[in-house]
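Residue-level listing of the chains:
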There are 2 protein chains.
Amino acid sequence: MPKKWVYHFEQGNANMRDILGGKGADLAEMTNLGLPVPPGFTITTEACLAYLGNNCAFPEGLWEQIKAAIAYNGTRLGREFGDHKGPLLVSVRSGAKFSMPGMMDTILNLGLNDESVETLAAAAGERFAWDAYRRLIQMYGRVVLDIDSLRFEDVIAREMAAESVLTDADISPAGWQRAVSEFKRLIEQETDAKFPQDPWQQLESAIQAVFKSWNNKRAVDYRNATGLPHDLGTAVNVVSMVFGNLGRTSGSGVAFTRNPATGEPGLYGEYLINAQGEDVVSGARTPSEIHQLETDMPDVWQAFVAIAAKLEKHYRDMQDLEFTVENGRLWMLQTRSGKRTAEAALKIAVDMVNEGLITREEAVSRIEPSQIDRLLHPRFDMVGKNAAILLTSGLNASPGAAVGAVCFDADTAEAKLKNNGMAVILVRPETTPDDLHGMIAAKGVLTKHGGATSHAAVVARQFGKPCVAGCEEIKIDLNRHQFTVGDKTVSEGDIISLDGTTGQVFAGQIPMIVPDFDEQRDLKTVLQWADAFSRLEVWANADTPQQALLARQYGARGIGLCRTEHMFMGARTAKFQEAILADREHCRSILDNILLPLQRKDFYDIFRAMDGLPVIIRLLDPPLHEFLPSREELLVEVTRLEAVGDTSDGYQKKKELLAVLGDMEEMNPMLGLRGCRLGLMRPEFNHMQVQAIFEAACEAAEDGIAVHPEIMIPLTGHFKELTMTQPVLADIAAKVMQEKGVSISYKFGTMIEIPRAALTADELAETAQFFSFGTNDLTQMTFGISRDDAERKFLVEYVNRGILKKNPFQSLDIDGVGQMITMAVEKGRSTRPDLEIGICGEHGGDPDSIDFFNQAGLDYVSCSPYRIPVARLAAGRSALVPAAEVIEW
Amino acid sequence: MPKKWVYHFEQGNANMRDILGGKGADLAEMTNLGLPVPPGFTITTEACLAYLGNNCAFPEGLWEQIKAAIAYNGTRLGREFGDHKGPLLVSVRSGAKFSMPGMMDTILNLGLNDESVETLAAAAGERFAWDAYRRLIQMYGRVVLDIDSLRFEDVIAREMAAESVLTDADISPAGWQRAVSEFKRLIEQETDAKFPQDPWQQLESAIQAVFKSWNNKRAVDYRNATGLPHDLGTAVNVVSMVFGNLGRTSGSGVAFTRNPATGEPGLYGEYLINAQGEDVVSGARTPSEIHQLETDMPDVWQAFVAIAAKLEKHYRDMQDLEFTVENGRLWMLQTRSGKRTAEAALKIAVDMVNEGLITREEAVSRIEPSQIDRLLHPRFDMVGKNAAILLTSGLNASPGAAVGAVCFDADTAEAKLKNNGMAVILVRPETTPDDLHGMIAAKGVLTKHGGATSHAAVVARQFGKPCVAGCEEIKIDLNRHQFTVGDKTVSEGDIISLDGTTGQVFAGQIPMIVPDFDEQRDLKTVLQWADAFSRLEVWANADTPQQALLARQYGARGIGLCRTEHMFMGARTAKFQEAILADREHCRSILDNILLPLQRKDFYDIFRAMDGLPVIIRLLDPPLHEFLPSREELLVEVTRLEAVGDTSDGYQKKKELLAVLGDMEEMNPMLGLRGCRLGLMRPEFNHMQVQAIFEAACEAAEDGIAVHPEIMIPLTGHFKELTMTQPVLADIAAKVMQEKGVSISYKFGTMIEIPRAALTADELAETAQFFSFGTNDLTQMTFGISRDDAERKFLVEYVNRGILKKNPFQSLDIDGVGQMITMAVEKGRSTRPDLEIGICGEHGGDPDSIDFFNQAGLDYVSCSPYRIPVARLAAGRSALVPAAEVIEW
């Protein structure tokens, strides 16, 4: 007995998506709910796979089952497929488990031929019948026979010209009749075969075409791009045709059960009287608002409202519906969960919980964290944006919108803000830590070079500044203070608008919409629910008291990374440079007398902002030469001075500094003298920092603030780096506390960002009380790639070619870097079961990565303040959703 | 009943080193062999540990056992400890399981005091007695009471001045008597206590001092430096004194059972009549050759010869003996395995096998691979070296000796060799691939910067050139063609001598000894034995036919790494640069028409040299900018031209090239666009290379050569890099073979040098047929350090401070990188059980690392040709020695 390949709608249900596909399962579900669905059946995905695996031949029994199902449908409608008199017409529609735009969609009106079209014309009118017939031939020609659709459009265009009409809706019945002849001639000419008059042959070919479309290039590309598996196959739905274009008691429409833009309750959609579904969406006629149906056909409206409510309640989600009214009778053609904006998703979720329709868990699980990201960033008004002049596009490196006057260096940016309160956009070939004060002063940042994780991008996200990076098309002339793109020139002071969410750069000013977190009631409600479910806490990467306050406002439960290097920028740079270049004694004096009090103040303010919550402070991490002037610029200057014979003191000093910088230079600075290595070779910086931290902590404690400092030693690769560093620092801490007579509970810990640290995490945990994964560096070293170089040179191309599914700096490489993390967690906890473990890399704000971190048993993720809401939601979901989609690399 | 803390020599044996220490165990062994050992006993290491763990108090029963043992000794000798008449004198000597220079060694003549010294004087003479007594007080004062030894030396110096003599040997009995008084006064003054007259108190304090010396700073440092554990404790040997200075029928000597320099059979050593052991080694008198004993005391000689032969046979190894003759009676004071030169080690091992004394396995196991390394490199004549002027010292980056005229750039070096056949030493601030032809032309290389694994060092070892690197003391002035060190100036053309084995640089020419592998019969014999035991094969890193031939001569079983980038240097550089900078079509044309035929010839010659053996060819690996001119030099030149207003075509071209180089520049080139990444982004280079390899292989096969090419894809981090590269290359191979009508069996494989490759080795092995660990890069990335930067900036310091036990680029970091290797081997073989696995990094020639590679299950190690003998021996040993010393990091 052959397998069951065909299911009548009555035989399926919504849980059978695997074999019936999404559309077929939902049609079955509606049928079984007693809703008016045109009779029909679904050919299973298994039939498709059997067909494809059987050298494109129907498996045993399939054709017989199809024929029987068609006969059954005809019986129910009192018609017969292939009958000339009252023919049964059907549509054939593809429908995979997941919606797939790349696949073949639909052929309508199968069953018509030269004879039955006349019968139909007699029953429903000439125009309707010939239009229906030409649609069949046109779709069949394009989809089944693979004839260029332009060839058919040409025929229609000629007919329009011949009849001197402006739209095809105005073509006469005779015109369509002529078009049918032309179409048939075209098919014969292209395929050496006539358009099949046998409806069974039409049906068989259409089903085969749907099956084959599973493997067409667009479908394969789409699955590759979205990570869908290739072995699912598609189902085929064969549905009896109903017609909305049979007169004023017929019509078609689409509707959402709630407003998909705002989430407001109530039906939202449009419909067209006397029209088929495709006419509603084609735009040839302007549809009416859905409520017009109430006036036009009150009974139908009432039935539809009841059905919509029933479906929403049944599916417990906002539905996207398609329907047709044929001679006053309502037919449901589709229901599915409706796509919606982030605002709507939140409102609908909160409303449905309040209505008792869904649980809080379901509300949290249903909202995609990536959706809500943009809610928190300023964005351009759509109308304004559409009207603006697009200059160029780059990488969408940090979301949000910014408008300002172009400016080409950090000092100018800062000055313009300070002196004139001017909004500026900083434009640089690329940014370095030297540009930080300019980035902070600017509303947004535009760079020519660098990827989504370049310095510009990382810092911009950190500070919530919109950034477009890697905009290679622009040519920056720093001397002339201008950049060009194509034939357009933008000079210093000119206003541009940056859309960091899309990567677009516009000339002039576009009006903006600025969201306020506190006003986003629904978001805050959902995040509170998410927090209640989360196992993972969300902490913040915050380097300043301002950021710390912002992080708290967004719900951070601690600071997971306070980078102290940013504290030596700006006005302090000169003194810090002096300290770096001085002998030890002088260096120590600058540190103690000048920088220590400043750092103490930094830390005090951060402790105050985070009263009661832990604050992880990372000791100085970057190589010292990053704080010094550019060696290359100095080399150019010295060379120039030498060429013109300058021998002044100024020249001599520059030449000396050049030699020092030359000594400090490194081939691969990322792997060089930084982190704990620097702490071991030049311990005075760490000593000053620890002193400042504990002085600040003691003062804060005296002021009644609950302080929980955690000192983080970066870039450890060997446990001895810890055992040689930590006791010295602990002594300094103890001395400060003793002098102040205050006792602070604190922790020492380390970053895990070098593969060797993960491999020997058991040894590290003997000394470290906490681990924080620095996944940026860990990814760089595990992959053996340098972030900035790689994104510019090959990483983007790797993703485009499918070598990597995603940029591993945006979404954690679970197969590789993930192994390192799992290993380090296991080993670390084997030595110290109560080890506190978190992550403070870029991935701390990425929902897919957060899901992995939750499974790996981390205690918290730390991300930039603006990512906290996304991370809170993701953390809540990861505790609820059994296992997120596997990210394949 | 208390534990047994004390063992008479009769109660121990050579296997009891754990509790008796090395010296005690060997004294016991000799005693039980019936040899004349002065009566004595050993206090166990357990007693030491109990003492140290018991707040420096003797454990229960120890003192009683010591007293009983002393009494027993006295009984045997007919004397009594503490007796005034015929006192028993003893020495107290430390003796841990492993020889430890940092620990307290010996106190002699314990038991003497103000009374018994008179008795001794009466019996053996005034001079002998007072000298013996002052030695006791001096040693006791220094070792037990921790008084600066200079204080005692001062007294002796004053006495010498008073008596107007030149050596302390000439001090009169009365002088020593005065010195004794002074010494006693000194002790009282320093310690507020008198020198103890009670021999039992002397003994107790001496034993406690030995126990405590286990934890003195020197001993702890020594154990830290050598990786010995801290919990072993030391034993204490208490030995009855015998005296070689009682007249012409007494004497002392040391002897080896075979010549420790050459390995020649027969006793080799020296002795002094009428002297104590310390007089033989102190150099105050010139000892006689050992055979003089035969003349002086024929009976003693015969006895000693018999004892030496017995001990060598008993220990089955060449012995280092100490003896004393007291009044015609021979006493053995020590036997231990003798230290020996590499030549001697080989000769002794081969002779002993031929004598049937040891097995071949033992012969191979006993020779330290590191010893034989220097046998193969030219070395300086010792006499000439001692007479030469040392200019400076740097890192001993590549062993061997070289003499030549100084020269400061590669082109000059090459020209001088070509035109004048001149031996040159290339001196550079540091070397780059651009200098390769100069390094090949030079006899040796000296660099100011760079560590033991800098470019200069790696290439020098590869080519067997002596190299002194990181010689920071020299100041190179490239413009003046000279370098200075201190006040000395060395100009181009001046002759210097480099000792790459020691890192020394000498002015002028030192005569050399050049070894010839073929003449080293013993070495070749031992290596053949080693090969027979080895599980690991030894292959060679060889880039040229010359190196391949050399590798075969040294016994390589294949080429594990043929680096093709060196083939684009020298005369080909210009064309390769043109190809890099050209558009694809022009590039392809240069590759096909010019470089392909040259590469084909390269490969043909290598295949011919390696007839019958596998040859692994690595596809182009370095970033392309390494082949181009220095961007920085060009920047300086362009700046200079701009400063003087040059606008010529030459300037324009340079400026354009500068822009191109700027685009190609990378922040961290080690992690950049190279290896398989380059192959994916610019596949034309790989295509040309594979074409050349297979054309050469087909030609060679036609000429009757057995070719086994293996194509290695470098720097893989993700399996898709392989699946996207390999099939294309396999197609090219197939096409060539089809065209030529020849079928070649070949393999495709990859390097494992990125942590992620090790983590996902199971996936890589689905495509790769072999793995080759690139342990240099794998170490860099696992540690997160850049080799050149790190060695210069902190790695040497890390080793000095004991943060790392060894430089991980010289000896594999088993705890970290080793985990990566073990993981990759397991995962790789889980997918492909017959996966061929080797290693081609620097560690392939390091004996400790080789032992690990053997345990990890690798199939071969590949190293530079000159390291092959060392590696063969290490591979043989690793199959025999159960587990080498654990290297601790």
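Our subject in this report is the structure included herewith. (Residues numbered from 1 in each chain as written. Chains lettered and ligands numbered in written order. Predicted model: local features only at pLDDT ≥ 70, side-chain atom pairs only at ≥ 80, totals over all residues. Heavy atoms only, no water.)

### A look at the overall build of chain A
- Across its full length, chain A holds 35 helices and 31 strands.
- Expressed as lengths along the three principal axes of its C-alpha atoms, the size of chain A is roughly 105 × 65 × 55 Å.
- Here chain A holds 889 residues, and the buried ones make up 57% of them.
- Within chain A, counting contacts between residues at least 6 apart in sequence, those at least 24 apart form 69% of the total. (Helix = DSSP H or I, 4+ residues; strand = E, 2+ residues; numbered from the N terminus. Buried < 20%, exposed > 50% of the residue type's maximum accessible area, 1.4 Å probe, protein only. Contact = heavy atoms within 4.5 Å.)

### A short note on the nonpolar core
- In this structure, Ile821 of chain A together with Ile821 of chain B are the most contacted members of the largest nonpolar core, which totals 325 residues.
- Excluding anything up to four places from it in sequence, Ile821 of chain B contacts Phe773, Thr775, Leu778, Leu812, Phe852, Phe853, Ala856 and Leu858 of chain B. (Core = buried A, V, L, I, M, F, W, Y, C linked by side-chain atoms within 4.5 Å.)

### Things to note about the side chain of Thr257 of chain A
Residues and elements named next belong to chain A.
- Locating Thr257 in the fold gives a position in strand β6 (residues 251-258).
- A polar contact is formed between the side chain of Thr257 and the side chain of Glu312, at a distance of 2.7 Å.
- Polar side-chain contacts of Thr257 include one of 2.9 Å to the backbone nitrogen of Gln319.
- Not counting residues up to four positions away in its chain, the partners in contact with Thr257 are Gly266, Leu267, Ala308, Glu312, Asp317, Met318, Gln319 and Leu321. (Polar contact = N/O pair within 3.5 Å; in protein donor to acceptor, adjacent residues only side chain to side chain.)

### A few points about the pairing of strand β14 (residues 401-407) of chain A
All names here are of chain A.
- The element β14 is largely enclosed, with a buried count of 7 among its 7 residues.
- Inspection of the sheet shows β14 paired to strand β21 (residues 495-499) by 5 bridges, in the antiparallel sense. For Ala405, the partnering residue across the bridge sits in β21 and is Ile495.
- The pairing of β14 with strand β15 (residues 424-428) spans 3 bridges and is parallel. Each residue of the ladder has a partner; that of Ala405, found in β15, is Val424. (Pairing = 2+ DSSP bridges.)

### Quick look at the relation of the copies chain A and chain B
- Superposing chain A onto chain B requires a rotation of 179° together with a translation of 0.0 Å along the rotation axis, leaving an RMSD of 0.3 Å. Each copy turns onto its partner about a two-fold axis.
- Mapped onto chain B, 100% of the interface residues of chain A are again interface residues, and the two copies thus contact each other with one and the same surface. (Least-squares fit on C-alpha atoms with pLDDT ≥ 70 in both.)

### A word on unusual backbone geometry
- Its identity as a non-glycine residue notwithstanding, Asn274 of chain A has a phi of 55°, on the positive side.
- By secondary structure assignment, the location of Asn274 of chain A is in the loop between β7 (265-273) and α10 (277-282).

### Quick look at the interface of chain A and chain B
- Contact residues are listed per partner, giving 59 residues for chain A and 59 residues for chain B.
- Between chain A and chain B, a total of about 5300 Å² is buried, with carbon and sulfur atoms accounting for 57% of that surface.
- The largest share of the area that chain A buries against chain B comes from Leu671, Arg756 and Lys793 of chain A, three residues that together contribute 11% of it.
- Joining chain A to chain B, the criterion identifies 4 salt bridges.
- Summed over the shared surface of chain A and chain B, the number is 34 residue pairs in polar contact (both at pLDDT 80 or more).
- Considering every element that reaches the side of chain A that touches chain B, the biggest residue donor is helix α24 (residues 631-643) of chain A, with 7 residues.
- Residue classes in the side of chain A that touches chain B are distributed as 28 nonpolar, 11 polar and 20 charged. (Buried area = accessible area lost by both parts, 1.4 Å probe. Salt bridge = Lys/Arg side-chain N within 4 Å of Asp/Glu carboxyl O. Nonpolar A, V, L, I, M, F, W, Y, C, P; charged D, E, K, R; others polar.)

### Description of the pattern of salt bridges
All names here are of chain B.
- With the rule as written, the count across this model stands at 103 salt bridges over all chains.
- A salt bridge links Glu355 to Arg258; the shortest N-O distance between them is 2.6 Å. Of this pair, Glu355 sits in the loop between α13 (342-354) and α14 (360-366) while Arg258 sits in strand β6 (residues 251-258); the two residues are 97 residues apart in sequence, bridging distant segments of the chain.
- Classification of Arg258 as buried rests on a relative accessible area of 4%.
- Between Arg366 and Asp317 there is a salt bridge; the shortest N-O distance is 3.6 Å. Placement of the pair is Arg366 in helix α14 and Asp317 in the loop between α12 (298-315) and β9 (319-326), with a sequence separation of 49 residues.

### A look at the sheet that holds strand β13 (residues 395-398) of chain A
All names here are of chain A.
- Here we have 8 strands laid out as an open sheet, ordered β12-β22-β21-β14-β15-β16-β17-β13, and mixed in their pairing. Of all strands in the sheet, those with a lone pairing partner are β12 (389-393) and β13, marking the two edges. Here the average twist between neighbouring strands, direction ignored, is 35°.
- Where β15 lies against strand β16 (residues 444-447), 4 bridges are found, and the strand directions are parallel. Residue pairing for β16: Leu426 is matched across the bridge by Val445.
- Strands in contact with helix α17 (residues 410-420) are β14 and β15; relative to β15, the strand with the most contacts, it is inclined by about 175°. (Axes fitted to C-alpha atoms, helices over the stretch in contact; angles between N-to-C directions.)

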